[in-house]
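# Understanding the architecture of this molecule
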Amino acid sequence: MQSNSSRKVVVVGAGIGGLTAAALLAHRGYEVLALDQALVPGGCASTFKRQGFTFDVGATQVAGLEPGGIHHRIFTELAIELPVATDCDPACAVFLPGETEPIRVWRDPEQWKTERNRQFPGSEPFWQLLKDLFRYSWAFQSRDPVLPPRNIWDLWQLTKAVRPDTLLTLPHAFSTVGDALRTFGLTHDRRLHTFLDLQLKLYSQVDADETALLYAATALSVSQAPQGLFHLQGSMQVLSDRLVEALNRDCGRLLMRHTVEQIHTEAGRTTGVTIRNQKTGETWIEPADHVVANVTVQNLVELLGEAAPEGYRRRVDKLPPASGAFVIYLGVDRAAIPTDCPPHLQFLYDYDGAIGENNSLFVSVSHEGDGRAPSGKATIVASSFTDTGAWKNSGDYEGMKQRYAAEAIGKLGRYFTLTPETIVYQEAATPQTFERFTARSEGMVGGIGQRIPTFGPFGFANRTPVQNLWLVGDSTHPGEGTAGVSYSALTVVRQIEALTS
Ligand SMILES: Cc1cc2nc3c(=O)[nH]c(=O)nc-3n(C[C@H](O)[C@H](O)[C@H](O)COP(=O)(O)OP(=O)(O)OC[C@H]3O[C@@H](n4cnc5c(N)ncnc54)[C@H](O)[C@@H]3O)c2cc1C
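From a predicted model like this one, the values you see are computed outputs, not experimental measurements.

### Description of the site of the ligand
The immediate surroundings of the ligand are formed by 36 residues, with Asp36, Gln37, Cys44, Gln61 and Arg440 found nearest. In this structure, Ile16 approaches the ligand through a main-chain N or O atom, which is 3.3 Å from an oxygen atom. Within the backbone of Gly481, a nitrogen or oxygen atom sits 2.9 Å from an oxygen atom of the ligand. Across the complex, the protein chains shield 92% of the 1000 Å² of accessible surface that the ligand would expose by itself. At the level of elements, helix H1 (16–27), strand E2 (30–36), strand E11 (258–266), helix H15 (431–438) and helix H16 (482–500) are the ones that each hand at least two residues to the shell around the ligand. Residues belonging to the shell around the ligand are distributed by class as follows: 15 nonpolar, 17 polar and four charged. Three or more residues apiece are contributed to the shell around the ligand by two domains, here domain 1 (4–45 + 65–82 + 233–319 + 446–500) and domain 3 (324–438).

What follows is the structure in structure tokens.
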């Protein structure tokens with residue numbers, strides 16, 4: 001370990017992004033203090049326990065555990081054990097309206113090719129383009145580019161990551177998935193278009209017509225070997241627990257139930273933060289050489305208050321509204337689960353309705369012995385995108401929550417056997433719940449949306465306009481998901497190190 005102990009870093013938020021940054025910085029010899037307003041670390045990738053069931057709050061699938069994958073790389077550097085996990089195969093089983101046989105996104109590339117050719121005849125040239133773009137983009141990303149670059153060092157890292165094949169992605173930098181579908185004459189393939197809308201909304205927050213093609217190439221290809229998605233043994237909490245373990249071992253500190261109320265600046269540079277201990281009410285200013293903010297970009301502007309650079313604030317204000325999530329958590333008798341039920345399913349109920357608001361549900365089901373439910377029981381976690389404003393402005397929040405819960409259970413009941421006898425426990429989360437437990441502005445989840453003006457090279461940088469203030473998490477490249485936010489954390493750690501070594 002190098003000695004950088006004169007360099008003090010405060011990390012605001014112990015989600016996977018903040019914890020990863022904190023653990024890596026402590027391991028590289030920095031003095032680290034991480035703060036989180038919640039009771040348990042992990043943010044959207046944490047868990048809660050009720051009546052013997054363990055529910056994953058938000059994230060249920062993990063990318064980047066394979067050798068060379070981002071969690072694997074970071075856990076190897078930290079010398080902590082990689083969580084035990086099983087392959088998600090299929091990564092998802094997607095049921096389109098009125099259909100009883102799902103589209104199965106298999107892990108094996110050849111099996112997935114056969115499946116998509118059967119499901120979407122004539123679409124292979126489109127998939128081949130995605131496959132090529134993924135190959136170039138994945139290799140580029142694994143060389144750790146800094147996107148978007150904000151100074152010479154960032155630009156140097158970006159340039160070093162470029163190879164001749166990276167340039168083959170450039171003609172597609174301004175294309176959406178919708179554009180690619182048009183190029184291949186597939187715009188009117190309703191099943192394909194809807195399948196892409198459903199899957200992309202999960203990963204990019206927006207539908208096929210809006211999602212940047214280069215982002216989609218990765219999001220739609222990462223479920224296949226040699227990459228793939230994983231289901232963690234125990235619960236999602238194991239990711240945070242391991243990172244906290246490394247942080248403590250390397251003399252970093254994490255204070256839970258401590259809220260950062262303000263980020264201070266002086267002459268365009270951060271100087272520290274105001275912290276409030278929720279238990280005692282005590283507040284103090286903690287000085288810092290660097291502040292790493294693991295918050296949404298909207299929250300960052302709020303924390304800066306008057307000190308937020310005007311152009312930055314304007315850019316954040318202009319972002320399209322982000323989605324919230326309505327999530328229903330069910331503890332059920334195993335009899336409720338059909339035999340051979342895949343671990344992850346996605347349902348769309350009506351072609352004419354929106355993707356979200358219970359017209360579509362993404363569902364994760366625990367399997368026997370995976371640590372989430374007592375023997376003979378299972379957890380079902382089903383989420384749907386929802387308009388945060390509708391919840392905020394509802395005159396009847398409780399009534400709306402009950403209506404949504406009943407509707408979600410009714411729809412899930414078309415696949416699962418859900419009766420008062422099989423449902424042992426139920427609870428629901430709304431954008432208000434997410435706002436309370438993760439402090440995310442308006443309860444928005446999943447980042448800023450991977451549209452052309454906000455993805456990769458055009459998105460929000462980890463290096464903010466305030467010197468020594470860094471942004472990690474799903475508002476930045478490469479976007480949402482535990483793997484994505486871990487990349488952003490690694491980038492920030494490298495940027496800080498380049499300044500201080
Ligand atoms: C329903 C749902 C399903 C999802 N499914 C998946 C999935 O299957 N796979 C996947 O990879 N991803 C999934 N995601 C996305 C993934 O969970 C997130 O992108 C990722 O966990 C975000 O991590 P983060 O570190 O950026 O932020 P967060 O998880 O939001 O963590 C931020 C932390 O900062 C703390 N904090 C915020 N403000 C302050 C403050 N002022 N002071 C102190 N502490 C503060 C919060 O308490 C929180 O712990 C899902 C998300 C949701 C909501």
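Having seen the model, we can carry on.
### Things to note about the environment of Pro121
For Pro121, the position within the fold is in the loop between helix H3 (109–119) and helix H4 (124–141). Among the residues examined, Pro121 registers a relative accessible area of 59% and is labelled exposed. Note: C-alpha distance between Pro121 and Gly18 (103 residues apart in sequence) is 44 Å.

### What about a nonpolar patch on the surface?
Taken together, the side chains of Val162, Leu167 and Leu170 define a hydrophobic patch exposed on the protein surface, amounting to about 250 Å² of accessible area. With respect to the secondary-structure elements, Leu167 resides in helix H6 (residues 164–167).

### As for the domain arrangement of the protein chain
Looking at the assigned domains, one finds that the protein chain contains domain 1 (4–45 + 65–82 + 233–319 + 446–500), domain 2 (113–145 + 153–223) and domain 3 (324–438). On a C-alpha basis, the centroid separation for the pair domain 1 and domain 3 is 30 Å. In this assembly, eight residues from domain 1 lie in contact with seven residues from domain 3. Summed over both sides, the interface of domain 1 with domain 3 buries roughly 510 Å², with 42% coming from carbon and sulfur.

### What to know about the sheet that holds strand E6 (residues 85–87)
The three strands are arranged E5-E9-E6 in an open sheet whose pairing can be described as antiparallel. If you trace the sheet from one side to the other, it starts and ends with strand E5 (62–63) and E6, each paired once. In the sheet, E5 pairs with strand E9 (residues 229–232) via two bridges, with the strands oriented antiparallel. Within E9, the position partnered with Ala63 by the bridge is Leu229.

### Let's talk about the nonpolar core
With 91 residues, the main nonpolar core has Phe126, Trp127, Val177, Phe195, Leu196 and Val292 as its most contacted residues. Leaving out residues up to four positions away in the same chain, Trp127 has contacts with Trp112, Arg116, Phe120, Leu192, Phe195 and Leu196.

Basis of the calculations
Residues numbered from 1 in each chain as written. Predicted model: local features only at pLDDT ≥ 70, side-chain atom pairs only at ≥ 80, totals over all residues. Heavy atoms only, no water. Near = heavy atom within 4 Å. Polar contact = N/O pair within 3.5 Å; in protein donor to acceptor, adjacent residues only side chain to side chain. Areas by Shrake-Rupley, 256 points an atom, 1.4 Å probe, with all protein chains shown as cover. Helix = DSSP H or I, 4+ residues; strand = E, 2+ residues; numbered from the N terminus. Nonpolar A, V, L, I, M, F, W, Y, C, P; charged D, E, K, R; others polar. Domains from an automatic or database assignment. Buried < 20%, exposed > 50% of the residue type's maximum accessible area, 1.4 Å probe, protein only. Patch = residues over 30% accessible without salt bridge, like charges linked within 9 Å, V, L, I, M, F, W, Y side chains within 5 Å. Salt bridge = Lys/Arg side-chain N within 4 Å of Asp/Glu carboxyl O. Contact = heavy atoms within 4.5 Å. Buried area = accessible area lost by both parts, 1.4 Å probe. Pairing = 2+ DSSP bridges. Core = buried A, V, L, I, M, F, W, Y, C linked by side-chain atoms within 4.5 Å.

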